[in-house]
Amino acid sequence: MAFSEVSKPSLCNEGTRSLKELITDSEATGKRLDAWLSAQLAPDLSRNRIQVLIADGQVTVDGKVVRETKHKLREGITITVEIPEPEDATPAGEDIALDILYEDADLIVINKPAGLVVHPGNGNWTGTLVNALIYHCGDTLSGVGGVKRPGIVHRLDKETSGVMVVAKNDLAHRHLSAQFADHGRTGDLERAYLALVWGTPDRKTGTIDAPLGRSHRDRTKQAVVHEERDDARHAVTHFDVQERFGAKEDSTAVASLIECRLETGRTHQIRVHMAHIGHPLLGDVEYGGAYKTKANKLAEPLQSVVKGFSRQALHAQVLAFEHPSTGEIMRFEVGAPDDMAELLEAFRTTPL
């Protein structure tokens, strides 16, 4: 294995970026990109950090960006890893109001509003839930789960509202993380979401079992992919139709309120799965943009309410888990926020 390291000026004026160039030998043949790199660059870079760099497009293989961590290697290829200068290491606390459902020495449960980013990242280094938690909890979150994501064991998309739990110490973080990793298969974790979708599934209850990976058209999005693709990740969503709006004799409907329960927890899982079966969420411009004009066919005042709804209609309604210290089953349920409640009421009261 040949290895060289240089530094070059950052394109973002953030100091310098470390550039590492490696050439694979015969022992690399057939190995995963992330596993091989973590072995070569340890202890400077963890495998998790390498996986993030790969996903962010900071790794090239023979000059081409590769974003699949499972990419298989062969002898004699050149791999370049560009490591950006670290951003602010520790998010600052900010006085942001929190809707706290429960709090003790181990954890805090909140009702996250739509529009609040969970943790700092590109373009959102302030004004996040993490900034609010650091201000509220003080030093009790220090170092729990990493400096940029203290206490975070799961997340909701920026425009998804609902129940979240955050760990306040290492023991709680490990215990809760294990429950979320298990997805409730052997434990008491429960997650239920309300989703308002266009149309209606052909049956009241069902399961969507379709692996997810990065979209070829837009690498920032997820898509249903073939199970043998390198980045394919097992994803299962169970759904139950709660209400149908504008139901017709042919079993179709204008829209439906659906409860979704996660068996796995992939990025954008519910949004991608519902779009995959032809029923994207109202307001979801990423995965349901083709349905945007359907609002034009609705009667007033429903048409104006739908057009004014500026996010995906998704709400994390139920969260249950085992308390990391007491073993008690904690269950929280919050109704839809005002904007989604208004949307549902408009569907219920407008003739369709």
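The structure this text deals with has already been given above.
The topology assignment puts Asp104 in the loop between strand E6 (100-103) and strand E7 (107-112). Nearest to the buried, unbridged Asp104 among oppositely charged side chains is Lys168, at 6.1 Å. Of note is the side chain of Asp104, whose polar atom sits 2.8 Å from the backbone nitrogen of Asp106. The residues touching Asp104, leaving out its near neighbours within four places in the chain, are Lys168 and His323.

Another aspect to go through is the environment of Glu300. Turning to its location among the elements, Glu300 is positioned in the loop between helix H5 (269-276) and helix H6 (302-308). Each C-alpha atom of the pair Glu300 and Thr350 lies 7.4 Å from the other, and the pair is 50 residues apart in sequence.

A cis geometry characterises the amide bond from Glu300 onward to Pro301, with omega recorded as 5°. Positionally, Pro301 belongs in the loop between H5 and H6. If you check the backbone angles, Ser251 has positive phi at about 75° while not being a glycine. Even without being glycine, His268 reaches a positive phi, approximately 60°. Assignment of secondary structure puts His268 in the loop between strand E14 (255-262) and H5.

Rules used throughout
Residues numbered from 1 in each chain as written. Predicted model: local features only at pLDDT ≥ 70, side-chain atom pairs only at ≥ 80, totals over all residues. Heavy atoms only, no water. Helix = DSSP H or I, 4+ residues; strand = E, 2+ residues; numbered from the N terminus. Buried < 20%, exposed > 50% of the residue type's maximum accessible area, 1.4 Å probe, protein only. Lys, Arg positive; Asp, Glu negative; His and termini not counted. Salt bridge = Lys/Arg side-chain N within 4 Å of Asp/Glu carboxyl O. Polar contact = N/O pair within 3.5 Å; in protein donor to acceptor, adjacent residues only side chain to side chain. Contact = heavy atoms within 4.5 Å.

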